[in-house]
Amino acid sequence: MPLDKITFQNAGYFSKLMVDYLNQEDSLRHLYNHFPTIQNFKQQIDEKRANYPAAHRAVLCQALLSQYKNTKASDKTLDNIHALAQENTFTVTTGHQLNLFTGPLYFLYKIISVINLAKELKAKYPTDNFVPVYWMATEDHDFEEINHFVFEEKVICWNRESKGPVGRLSTEGLDKVFEVFKSHIGVGTNATRIKELFENAYLKHDNLTDATRYLANELFAAYGLVIIDGDDAELKKLFVPHIKEELINQSAIKEVEKSYATLADYFIQVNPREINLFYILDNLRERIIFEDEVYKVNNTSITLSKEAILEELDKHPERFSPNVILRPLYQEVILPNLCYTGGGGELAYWLELKKVFDLHKVTFPMLLLRNSVLLATSKQVDKLDKLDLTWKDVFTKQGQLINAKTKEFSSIQFDFEEQRKFLEEQFKTLENIALQTDKSFIGAVNAQKVKQLKGLENLEKRLQKAEKRNHAEKLERITLLQNELFPNNSLQERIVNFSVYYKEFGDELITTLFDQLEPLSHEFDIVVL
């Protein structure tokens, strides 16, 4: 069947803010730097080249080599790390939480987006180098968001207590999760490969950071992906001046609030704190609060004067962790980055941050909405053809789709719009008569009008319900198929784990995605396997 053009704007699954951003509405223009087109990258490259300290490159390269010391990196990845020492090398970055076994499918789409973007930029600007980067969100502490994944409607969950940064979390207990997963994955060459990936990642590494790095490296090392962990003392040293600014002046909240006048017409994705920093110590990650002229670490007895906290920062920068407001700034301080690729929710909070970057005199990156994909098998496409469904149909909300198809299948007309108009005209005549005779009848006329129109609406609903029964089998097949493609009436990519498709298609899944996804197209991709 032909692939209807599904854009982010007409897919029906993206916020008005993202639609307006993609349409480059003038009202949002001051919230970002350059819109992500291949031509606009020229300006972004020039700005970042002029505004990224050369001294940061040596620190970055050494930190990455240290982080990779126990990882079997590909030659292409190592070349990319060493290339970062050169002043004509830039990064394109995506970030993601340390979801168990990658979590939902869009983990793949994010990384493939940046790898393909780096390749596209190299073709356009051959004198510069472009490195795809995956930023691991190792300092997050929302364990409940990452401790599970969905395999064939089975939620595979890691149940344990968790405190502090998830990247430091021990992988102890994941052997039991592996046994549950093994019992569902079945047999076959691809199933064996999936089991090996899980076992080698989580049962042969001591913490979640190392496990995630191993897994992402196994999947994408051949493409030169560079994986970075921001929970690094040497990298944190580069961020010290910006942490001091936040501690002393608490400036981020004031700058973020400058975006509210525009974003109030949409929604505020994240709300800043007076101090947008956490304090990390072993398994502790708690907010830093300024109260009664001293700095306190929330939910602890730790209290520091201004002098003491600045001394602590100079001695132990690794103990200071940016929250969601300052993490983007940290990323752009340590990386020669041009573009951040993320989902709609991520880009929504980045759009709050332009003034923060301006204050810190750090170049604001381009914001690229990552590739979104609907995966379908050839069998599902055959079903679509037999049911005479288009891709536009399956993106329609289920209730609307079933009502539309009921009308389409019906041999009778049960849209009573003509009758409704006729009734309204008749009652308009009655109102005129009442006005000329006795105005007290107006209330009775209007009450009768409401009653008649309501009766007509009920007849329409009953007829539609009867027609749904007459075409129940076909409508049920449509519903089942749409539920396969949009589980829980949501985007597949937000729920299903990659292993579901890897089990059937193996490496073809990855190669097909690389071949078909175009990061700068701003279209929703339908990929048939």
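Keep in mind that what you see is a predicted model, and the values were worked out from it rather than measured. (Residues numbered from 1 in each chain as written. Predicted model: local features only at pLDDT ≥ 70, side-chain atom pairs only at ≥ 80, totals over all residues. Heavy atoms only, no water.)

**Q** Would you take a moment to explain the sheet that holds strand 12 (residues 366-369) for this structure?
**A** Two pairing modes exist for strands in a sheet, parallel and antiparallel, and in both the strands are linked by backbone hydrogen bonds. In spatial order, the strands read 5-2-1-11-12; together these 5 strands make up an open sheet with parallel pairing. Taken across any chain shown, the strands that pair with only one partner, and hence form the sheet edges, are strand 5 (226-229) and strand 12. Strand-to-strand twist across the sheet, computed as the mean angle between neighbouring axes with direction ignored, equals 30 degrees. Here strand 2 (residues 129-136) pairs with strand 5 via 4 bridges, running parallel. If you follow W135 over to strand 5, its bridge partner there is I228. The strands touched by helix 3 (residues 54-67) within the sheet are strand 1 (89-96) and strand 5, with strand 5 carrying the most contacts at an inclination of about 95 degrees. (Pairing = 2+ DSSP bridges. Helix = DSSP H or I, 4+ residues; strand = E, 2+ residues; numbered from the N terminus. Axes fitted to C-alpha atoms, helices over the stretch in contact; angles between N-to-C directions. Contact = heavy atoms within 4.5 Å.)

**Q** Quick question: what am I supposed to make of the environment of E245 here?
**A** Along the chain, the position of E245 falls in helix 9 (residues 233-249). For E245, a relative accessible area of 22% corresponds to the partly exposed category. The sequence separation of E245 and L520 amounts to 275 residues, and the corresponding C-alpha distance is 36 Å. If we ignore the near neighbours within four places in the chain, the residues touching E245 are Q250, S251, L359 and H360. (Buried < 20%, exposed > 50% of the residue type's maximum accessible area, 1.4 Å probe, protein only.)

**Q** Even after reading the chapter, I still don't get empty space enclosed by the protein, so can you show me in this structure?
**A** The rolling of a water-molecule-sized probe over the atoms marks out the regions of remaining empty space. A complete count under the given rule lists 3 cavities of 30 Å³ or more for this structure. The space that makes up the largest cavity amounts to roughly 50 Å³. Looking at the lining of the largest cavity, the elements that each hand over two or more residues are helix 10 (252-256) and helix 15 (354-360). Classifying every residue of the lining of the largest cavity by side-chain character gives 4 nonpolar, 2 polar and 5 charged. Space inside the second largest cavity adds up to approximately 40 Å³. (1 Å grid on protein atoms, 1.4 Å probe; cavity = no way out; pocket = protein on both sides within 12 Å on 5 of 7 lines; lining within 4 Å. Points joined across faces, edges and corners; volume = space filled by probe spheres on them. Nonpolar A, V, L, I, M, F, W, Y, C, P; charged D, E, K, R; others polar.)

**Q** Is there a simple way to think about the sheet that holds strand 9 (residues 303-304) in this case?
**A** With antiparallel pairing, the 5 strands of this open sheet are ordered in space as 9-8-7-6-10. Unpaired on one side and paired on the other, strand 9 and strand 10 (320-322) mark the two borders of the sheet. Strand direction decides the pairing type here: strand 8 (residues 294-297) and strand 9, joined by 2 bridges, are antiparallel. Its bridge partner lying in strand 9, K296 is registered against T303.

**Q** Would you mind going over the pattern of salt bridges with me for this structure?
**A** Pairing between side chains becomes possible if they bear opposite charge and their charged atoms approach one another. Tallied over the entire structure, the rule returns 20 salt bridges. For K237, the salt bridge identified is with E234, shortest N-O distance 3.2 Å. Placement of both K237 and E234 in helix 9 is noted, with a separation of 3 residues, approximately one turn of the helix. Note that K244 is salt-bridged to D314, the shortest N-O span being 3.5 Å. Separated by 70 residues along the polypeptide, K244 in helix 9 and D314 in helix 12 (residues 306-315) bring together distant segments of the chain. (Salt bridge = Lys/Arg side-chain N within 4 Å of Asp/Glu carboxyl O.)

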